[in-house]
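# Chain and residue survey
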Amino acid sequence: MPIPNDPFWQLPYASQRMPVLADNVVSTSQPLASAAGLQMYARGGNAVDAALATAIALTVVEPCMNGIGGDMFAIVWHGGRLHGLNASGRAPAAWETGRFAHLDGMDPIGWGSVTVPGVVSGWRAIWEKFGSLPFEDLFEPAIRYARDGYLVSPTVHRQWQKQVPRLSGQPGFSESFAPGGRAPLPGERFRSPGQASTLESIARSKGESFYRGELAAAIAAHARNTGGYITEADMANHAADWVEPIGMRYRDLELFEIGPNGQGIGALMALGMLENFDLASCGRDSGRALHLQIEAMRLAFADLYEHVGDPAHMKVSSAQLLDPAYLAERAKLIDPDRAGAPRPGDPHSGGTVYLTAADRHGTMVSFIQSNFKGFGSGVVVPGTGIAMQNRGWGFSTKPGHPNVVAPGKRPFHTIIPGFLMKRGRPLMSFGVMGGSMQAQGHLQVTSRLADFGQNPQAASDAPRWRIKDDNVGVAVEWNCPPEAVEHLRACGHKVDVAPRFDLEFGSAQMAMRLEQGGYLAASDHRKDGYPIGY
């Protein structure tokens, strides 16, 4: 059994956030949502029930980061094996490739960015397979928050208000989420009676009304009336898919992700390259360790952007991208002393919410859902609280690209749940929400556990780096050691030190299984959440 002076139990960073140790845990970015999961445990529910109640509540209490009109993915450890769920939506049938060929990229907001929402199908699929409480019970906390209202936190206010000017012109947005032309203030009570009614309809019908009933009709009618593309047929044709997670061994751990169309394979590729280096000898938080991680991640991103999309349309397979020989060759491109110019390789042919829950029976849930960029497209179906995602922005308009937009196709996705195994046994369900930060966050957390023996809370508290969307520039958090920053700059990296409270470095939630029984749950100090135990 670990002892208090064991390095594993040390918390060396300044957040002072304490982990929670308990037999049943739930951890997410918003405490009201965590409380919803706790209520399911109190009713005798399992980790899946707790995760779902938490996820549903998050659409109400943190709507600036996810919603009923978004997508979701999950990895579940149950019955001695991992189960993967891809509940991401597809392009409308009207999105013929030629319609977008004249564009340099997809629209970031508006109906031109809206794909079919998959999150409701994911809620039902995971409940049918693993849930123990009645489906309607899982919605009770969220419906209560929506109808009676809740007090908006300062962090949620900042995220919410930042999006209002950009989205206020989209059909239905201001009426639902910016009455009076602004976000609700910190401490102000926000009510969403339309969303309460929507959740009641989903609960009663087990999601059928959303895809083949009154809510599907409302979505399609709003599209017809305001220049959108989604039809009743698009909604009815959607289905979530159970998939096999893909994995990569790193030191004595193995990281599992949902495969393409998601970016999780990028974290696996980067770890596969780093397996060829001795990071532990570089020293924790050292510039040399950060440089090696950054270079591996940049090479992985180059491959992601070139090769990854809907797996049915990719020209290379996940297995080819994860081939150890290929990754060893990619690793040779990493100069330990200089920043490189990453280019895609040629494999041989042949604003999101994350939560985790784990229970005393051994079930562990890694769960993520998102509208993509905050509220998503900005399009909101009147009277329903359904904010439509902008996942279509993830498509390419380049002819012949594996991720080029096409009818019924899934776009490249950023949201990824993670799961760590150790010597064939489940170790930790975790995620680091936040756009392209997610694969980078998974790499950093895994390395901190595997290379430096840190516990989940310390791994979450540690200063992070982030490769910018141009795959050139690097940002580091305000508390990154100055000597590490100078080392990166000496290697040729263009480094910006972000101000304190910058929200671009993701938010982690983790539940680690302890050898002596129970779990250690951790929550990121960068947002409002905290872990709860029962």
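See above for the structure.
This text gives an overview of the structure that appears in the document. (Residues numbered from 1 in each chain as written. Predicted model: local features only at pLDDT ≥ 70, side-chain atom pairs only at ≥ 80, totals over all residues. Heavy atoms only, no water.)

## Looking at the overall build of the protein chain
- Scanning the protein chain from N- to C-terminus turns up 17 helices and 21 strands.
- On C-alpha atoms alone, the protein chain measures out to a radius of gyration of 22 Å, which is about the 24 Å that the 2.2 N^0.38 rule sets for 534 residues.
- Principal-axis analysis of the C-alpha atoms gives the protein chain an extent of 60 × 55 × 45 Å.
- With 534 residues in all, the protein chain has 63% of them scored as buried.
- Surface summary for the protein chain: the accessible area is close to 18,600 Å², and the carbon and sulfur share equals 52%.
- Put simply, the protein chain has 48 plus and 51 minus side-chain charges, and the middle of one group is 2 Å from the middle of the other. (Helix = DSSP H or I, 4+ residues; strand = E, 2+ residues; numbered from the N terminus. Rg over C-alpha atoms; globule rule 2.2 N^0.38 Å. Buried < 20%, exposed > 50% of the residue type's maximum accessible area, 1.4 Å probe, protein only. Areas by Shrake-Rupley, 256 points an atom, 1.4 Å probe, with all protein chains shown as cover. Lys, Arg positive; Asp, Glu negative; His and termini not counted. Charge placed at Lys NZ, Arg CZ, Asp CG, Glu CD.)

## Looking at the pattern of salt bridges
- Scanning all chains against the criterion turns up 30 salt bridges.
- The residue Arg-81 makes a salt bridge to Glu-244 at a minimum N-O spacing of 2.7 Å. Linking Arg-81 in strand β4 (residues 81-87) with Glu-244 in the loop between β7 (241-243) and β8 (246-250), this pair joins segments that are 163 residues apart in sequence.
- For Glu-244, a relative accessible area of 55% translates into the label exposed.
- A salt bridge links Lys-332 to Glu-329, with the nearest nitrogen and oxygen atoms 2.9 Å apart.
- Classification of Lys-332 by relative accessible area gives exposed; the value is 62%.
- Where salt bridges share partners, they join Arg-124, Glu-128, Glu-208 and Arg-212 into one cluster. (Salt bridge = Lys/Arg side-chain N within 4 Å of Asp/Glu carboxyl O.)

## Comments concerning the packing of aromatic side chains
- Within the structure shown, the criterion is met by 20 aromatic pairs.
- The interplanar angle of 50° and the centroid separation of 4.9 Å between the aromatic rings of Trp-127 and Phe-135 together place this pair among those described as tilted.
- Since its relative accessible area comes to 16%, Trp-127 is described here as buried.
- On the basis of an interplanar angle of 80° and a centroid distance of 5.0 Å, the ring pair of Phe-210 and Tyr-211 is categorised as edge-to-face.
- In this structure Phe-210 comes out as buried when scored by relative accessible area, which is 0%.
- Using a relative accessible area of 5% as the deciding quantity, one classes Tyr-211 as buried.
- Ring-pair connections join several aromatic residues into one group, and the members of that group are Tyr-150, Trp-160, Phe-173, Phe-177, Phe-190 and Phe-375.
- The ring centre of Tyr-145 lies 6.0 Å from the NZ or CZ of Arg-144, which sits over that ring.
- The ring of Phe-505 has Arg-466 sitting right over it, with the charged end atom 5.5 Å from the ring centre. (Phe/Tyr/Trp six-rings, centres within 6.5 Å; stacked < 30°, edge-to-face > 60°. Lys NZ or Arg CZ within 6 Å of the ring centre and 35° of its normal.)

In short, the description is geometric, and any link to function would need to be established separately.
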